[in-house]
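Next come the chains, spelled out residue by residue.
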Amino acid sequence: MTTVRDIQADKWIRRYRPTGDAPVRLVCLPHAGGSASFYYPVALAHSGAADVVVLQYPGRQDRRHEPCPASIEEYADLVHAVLAPEPALPTVLFGHSMGAVIGFEVVRRMERDGTGDAVRLIASGRRGPSSPLRENVHQRDDDGIVAELRSLNGTDLTRLGDDEILRMTLPAIRSDYRAIETYTCAEDVTVACPVTVLVGSADPRTPLAEAARWRRHTTGEYRLEEFPGGHFYLTGQQDAVNREIAAELAALRR
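Conventions we followed
- Residues numbered from 1 in each chain as written.
- Predicted model: local features only at pLDDT ≥ 70, side-chain atom pairs only at ≥ 80, totals over all residues.
- Heavy atoms only, no water.
- Helix = DSSP H or I, 4+ residues; strand = E, 2+ residues; numbered from the N terminus.
- Contact = heavy atoms within 4.5 Å.
- 1 Å grid on protein atoms, 1.4 Å probe; cavity = no way out; pocket = protein on both sides within 12 Å on 5 of 7 lines; lining within 4 Å.
- Points joined across faces, edges and corners; volume = space filled by probe spheres on them.
- Nonpolar A, V, L, I, M, F, W, Y, C, P; charged D, E, K, R; others polar.
- Disulfide = S-S within 2.5 Å.
- Buried < 20%, exposed > 50% of the residue type's maximum accessible area, 1.4 Å probe, protein only.
- Phe/Tyr/Trp six-rings, centres within 6.5 Å; stacked < 30°, edge-to-face > 60°.
- Core = buried A, V, L, I, M, F, W, Y, C linked by side-chain atoms within 4.5 Å.
- Pairing = 2+ DSSP bridges.
- Axes fitted to C-alpha atoms, helices over the stretch in contact; angles between N-to-C directions.
- Polar contact = N/O pair within 3.5 Å; in protein donor to acceptor, adjacent residues only side chain to side chain.

Novice: Hey, could you run me through the environment of R140 in this one?
Specialist: On the secondary structure map, R140 appears in the loop between β5 (119-124) and α5 (142-152). Those residues within four positions of R140 in sequence are excluded, and the remaining contacts are I145, E148 and R174.

Novice: Explain the layout of surface pockets to me, please; I cannot follow it from the model alone.
Specialist: Empty pockets left among the atoms are what a rolling probe the size of a water molecule brings to light. By volume, the second largest pocket is sized at about 320 Å³. Forming the walls of the second largest pocket are 17 residues, and the residues nearest its centre are A88, L89, T91, M110 and T115. Mapped by element, the contributors of at least two residues to the lining of the second largest pocket are β2 (25-29) and α3 (72-83). Looking at the lining of the second largest pocket residue by residue, the classes come out as 10 nonpolar, 3 polar and 4 charged.

Novice: Any chance you could explain the state of the cysteines here in plain terms?
Specialist: Disulfides are covalent bonds that connect the sulfur atoms of two cysteines. Going through the model one piece at a time under the given rule, you end up with 0 disulfides. Between C28, a cysteine without a disulfide, and C193, which holds the nearest cysteine sulfur, the sulfur-to-sulfur distance is 16 Å. Of the residues examined, C28 reaches a relative accessible area of 0% and is grouped as buried. The structure places no disulfide on C185, whose sulfur is separated from the nearest cysteine sulfur, that of C193, by 13 Å.

Novice: Even after reading the chapter, I still don't get the packing of aromatic side chains, so can you show me in this structure?
Specialist: Within a pair of aromatic rings, the relevant descriptors are the distance that separates the centres and the angle that separates the planes. In this structure the tally under the stated criterion is 7 aromatic pairs. The interplanar angle of 85° and the centroid separation of 5.0 Å between the aromatic rings of Y16 and Y40 together place this pair among those described as edge-to-face. Of the two residues, Y16 sits in the loop between β1 (13-14) and β2 while Y40 sits in helix α2 (residues 40-46), which places them 24 residues apart along the sequence. One aromatic cluster is present, formed by F38, Y39, F94 and F232 through successive ring pairs.

Novice: Sorry, what's going on with the nonpolar core here?
Specialist: For soluble globular proteins, the rule of thumb is that nonpolar side chains tend to be buried together. If you look at the biggest cluster of nonpolar residues, it comprises 42 residues, and the most contacted ones within it are L55, L93 and I102. Look past the residues within four positions of L55 in its chain and what remains in contact with it is W12, V27, C28, L29, P30, A36, V79 and V82. In this structure, Y39, A43, A50 and A240 belong to the second largest nonpolar core, which totals 23 residues.

Novice: Before we go on, may I ask you to explain unusual backbone geometry in this structure?
Specialist: Trans is the common state for peptide bonds, and a negative phi is the common state for residues other than glycine. The phi dihedral of Q61 is positive, around 45°, even though this residue is not glycine. Within the fold, Q61 resides in the loop between β3 (51-55) and α3. A positive phi angle, near 55°, is found at S97, a position not held by glycine. Along the chain, the position of S97 falls in the loop between β4 (91-96) and α4 (98-112). Given the relative accessible area of 11%, S97 is considered buried.

Novice: What should I look at first to understand the sheet that holds β3 in this one?
Specialist: Across a sheet, paired strands are connected by hydrogen bonds in the backbone, their directions being either parallel or antiparallel. Taken together, the 7 strands give an open sheet; going across it, the order is β1-β3-β2-β4-β5-β6-β7, and neighbouring strands pair in mixed fashion. The strands lining the two open edges of the sheet, one partner per strand, are β1 and β7 (222-227). The pairing of β2 with β3 spans 4 bridges and is classified as parallel. Of the residues in β3, the one forming a bridge with V27 is V53. α4 contacts β2, β4 and β5 of the sheet and is inclined by roughly 150° relative to β4. Taken strand by strand, helix α8 (residues 238-253) contacts β2, β4, β5, β6 (195-200) and β7, and its axis lies near 165° from that of β5.

Novice: What should I look at first to understand the side chain of H46 in this one?
Specialist: Along the chain, the position of H46 falls in helix α2. For H46, a relative accessible area of 5% puts it in the buried group. Within the structure, the side chain of H46 is placed 3.0 Å from the side chain of N242, a separation counted as a polar contact. In contact with H46, not counting residues within four places along its chain, are L26, V52, N242, I245, A246 and L249.

Okay, structure coming up:
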């Protein structure tokens with residue numbers, strides 16, 4: 001298990017187009033099994049206006065030989081520790097699916113240590129933290145996990161025909177599903193920061209009513225926006241999602 005003391009921040013942080021004097025920061029948190037490269041188009045879209053930090057989790061791509069964090073809490077502790085030494089800037093955290101819950105838990109830690117005053121959270125493609133999640137994808141065999149990926153259209157499954165790539169990819173996906181499927185949060189746990197929720201209208205894992213349960217987890221501003229598409233609606237709605245991100249970054253500059 002990776003501990004906070006073992007962290008090498010340069011392994012975690014990707015800045016695809018560094019901006020030295022940005023007034024705000026955008027932190028992107030990938031989905032289960034996802035990698036930093038998923039957010040490359042987002043990074044390019046906002047690099048002129050923000051310091052865009054994309055997280056690369058252990059267990060994938062260039063970090064595939066490192067063990068994945070075992071729980072959402074461990075993910076949040078590590079991400080919080082990675083971000084803590086960064087120069088202080090007003091920050092938008094954007095997380096999709098599992099990344100949304102990690103973002104929520106990171107905000108809790110930022111607010112706990114007094115660094116969360118100028119923070120906003122965008123929670124994409126994820127039901128509210130306390131919404132019951134009765135799924136066991138992590139307990140399925142490899143074929144069962146691939147079937148789940150196919151149902152969500154979130155992975156280029158043509159690559160999974162290669163047995164070597166399949167073996168490299170599935171352990172991280174299984175571990176991440178275990179982390180998110182065993183995560184629990186009480187209904188009265190809140191953050192003070194504004195929360196904007198983005199969801200696909202045909203998302204089989206995030207019905208609109210479940211996405212709306214984020215409302216009970218913030219004492220700040222709350223907004224929900226629905227987009228055409230499924231769980232990975234944002235790949236087909238990139239311009240609209242970037243407008244939402246730009247609006248949240250602009251709100252921090254006021």
